[in-house]
Amino acid sequence: MDRSAEFRRWKAQCLSKADPSRKGSVDEDVVELVQLLNGREQFFTTSSCAGRIILLDRGINGSEVQKQNCCWLLVTHKPCVKDDVIVALKKANGDAILKFEPLVLHVQCRQLQDAQILHSVAIDSGFRNSGITVGKRGKTMLAVRSTHGLEVPLTHKGKLMVTEEYINFLIKIANQKMEENKKRIERFYNCLQHALEKETISMTSYPKEKIKEKNNSSCTHKKKRNPEKACGKYITEGNNKELEIDDHDDPGISVTIFPEDY
């Protein structure tokens with residue numbers, strides 16, 4: 001099986017699985033972006049979260065859904081209101097933390113140059129903490145992330161440590177960050193559409209012989225290239241576990257590419 005066929009097999013295998021998230025489906029604000037990526041032969045998404053406001057309790061007890069020894073007192077992918085947070089805080093018996101988490105999107109790419117195009121779009125759209133990870137087996141993953149998160153402790157051992165006025169202030173900030181996050185997702189979607197259309201036009205209007213000659217030349221000369229001209233390599237072997245971003249079976253053999261001003 002050649003490398004492109006292997007990538008297609010990975011993609012079909014990943015997309016045929018049931019959604020393992022608590023919600024069981026892709027978040028509404030990122031559905032179109034995920035569909036756009038999965039509709040292209042050179043990409044497929046392995047996980048996504050459109051962004052959320054959550055209230056976690058680090059206490060031991062509680063009947064709420066558990067994740068990494070934490071109780072989820074509240075989770076929403078929409079703007080939040082103070083009353084919902086106040087009600088949820090009454091369930092806290094440990095250290096409750098209010099968090100806003102922006103978009104997180106993991107995309108496996110067919111080859112490095114595909115990831116570079118996607119990385120450039122992510123950076124230009126405001127997701128400046130995005131990075132490419134290339135494993136020794138050729139697996140190329142792009143993590144789309146940004147830094148405009150929020151994390152504030154509200155209780156200690158079940159006791160509220162701040163005023164309701166301050167909670168209301170925090171919720172306003174979290175909602176503003178949620179709105180900015182949504183704008184960045186829309187910008188990412190529009191920029192990605194443009195980049196993929198530009199790539200398609202370039203590939204269809206340029207003779208195949210010239211493309212091959214140009215790619216060979218760009219690989220042999222050591223000079224700075226833009227993402228659309230970069231010469232990458234295909235993914236080789238893999239299995240289901242290799243679709244995860246942290247690459248546990250490939251320790252210490254990866255290189256992560258971040259923006260120069262990261």
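Placed above this text is the structure.
Keep in mind it's a predicted model, so treat the numbers as computed, not measured.

Reading the values: the criteria
- Residues numbered from 1 in each chain as written.
- Predicted model: local features only at pLDDT ≥ 70, side-chain atom pairs only at ≥ 80, totals over all residues.
- Heavy atoms only, no water.
- Phe/Tyr/Trp six-rings, centres within 6.5 Å; stacked < 30°, edge-to-face > 60°.
- Helix = DSSP H or I, 4+ residues; strand = E, 2+ residues; numbered from the N terminus.
- Buried < 20%, exposed > 50% of the residue type's maximum accessible area, 1.4 Å probe, protein only.
- Core = buried A, V, L, I, M, F, W, Y, C linked by side-chain atoms within 4.5 Å.
- Contact = heavy atoms within 4.5 Å.
- Pairing = 2+ DSSP bridges.
- Salt bridge = Lys/Arg side-chain N within 4 Å of Asp/Glu carboxyl O.

Some thoughts on the packing of aromatic side chains
Taken as a whole and judged by the stated rule, the model has three aromatic pairs. Ring geometry for Phe-7 against Phe-44: centres 5.4 Å apart, planes inclined by 50°, an arrangement best described as tilted. Separated by 37 residues along the polypeptide, Phe-7 in helix α1 (residues 3-15) and Phe-44 in strand β1 (residues 43-49) bring together distant segments of the chain. Note on Phe-7: relative accessible area 1%, which makes it buried. A residue is classified by how much of its surface remains accessible, and Phe-44, at 0% relative accessible area, is buried. Ring centres of Tyr-166 and Phe-169 lie 6.0 Å apart, and the angle between their planes is 35°; this geometry places the pair in the tilted category. With Tyr-166 and Phe-169 both in helix α5 (residues 164-205) and three residues apart, this pair spans about one turn of that helix. Tyr-166 sits in the partly exposed class, given a relative accessible area of 34%. Since its relative accessible area comes to 46%, Phe-169 is described here as partly exposed.

As for the nonpolar core
Core analysis: the biggest nonpolar cluster contains 27 residues, and Leu-33, Leu-37, Leu-105, Leu-118, Val-144, Phe-188 and Leu-192 have the highest contact counts within it. For this core, the secondary-structure elements that each account for two or more residues are α2 (31-38), β6 (104-109), α4 (112-124), β7 (131-134), β8 (140-144) and α5. Considering every element that reaches this core, the biggest residue donor is α5, with six residues. Dropping the residues within four chain positions of it, Leu-37 is found in contact with Lys-11, Phe-43, Thr-45, Leu-105, Val-107, Leu-118 and Leu-192. Core analysis: the second largest hydrophobic core is formed by 22 residues, Phe-100, Val-152, Ile-167 and Leu-170 among them.

Quick look at unusual backbone geometry
Glycine aside, negative phi is the norm for most residues, and most peptide bonds take the trans geometry. Even without being a glycine, Lys-157 presents a positive backbone phi close to 55°. Mapping Lys-157 onto the fold places it in the loop between β10 (155-156) and β11 (159-160).

Focus: the pairing of strand β2 (residues 52-57)
Most of β2 sits inside the fold, with six of its six residues counted as buried. Along β2, one buried face is formed by Arg-52, Ile-54 and Leu-56 and the opposite face, lined by Ile-53, Leu-55 and Asp-57, is buried too. Looking at chain direction, β2 and strand β5 (residues 96-101) are connected through six bridges and run antiparallel. Each residue of the ladder has a partner; that of Leu-56, found in β5, is Ile-97. When β2 meets strand β4 (residues 70-76), the two strands line up antiparallel, connected through five bridges. Bridge pairing in β4 places Leu-55 opposite Leu-74.

Quick notes on the pairing of β8
For β8, the buried fraction is high: five of the five residues fall into the buried class. The pairing of β6 with β8 spans five bridges and is classified as antiparallel. Looking at β8, one finds that Gln-108 is bridged to Met-141. Note: β7 against β8, four bridges, orientation antiparallel. The partner of Thr-133 across the bridge, within β8, is Met-141. Adjacent in sequence and paired antiparallel, β7 and β8 are bridged by five residues, among which Gly-138 carries a positive phi angle near 100°.

Looking at the pattern of salt bridges
Under the defined criterion, the tally for this structure stands at 10 salt bridges. Among the salt bridges present, the one from Asp-29 reaches Lys-78, with a minimum N-O distance of 4.0 Å. Of this pair, Asp-29 sits in the loop between α1 and α2 while Lys-78 sits in the loop between β4 and α3 (82-89); the two residues are 49 residues apart in sequence, bridging distant segments of the chain. For Lys-78, a relative accessible area of 38% puts it in the partly exposed group. Its salt-bridge partner being Arg-58, residue Glu-151 comes within 3.7 Å of it at the nearest N-O pair. Of this pair, Glu-151 sits in strand β9 (residues 150-153) while Arg-58 sits in the loop between β2 and β3 (66-67), placing them 93 residues apart in sequence.

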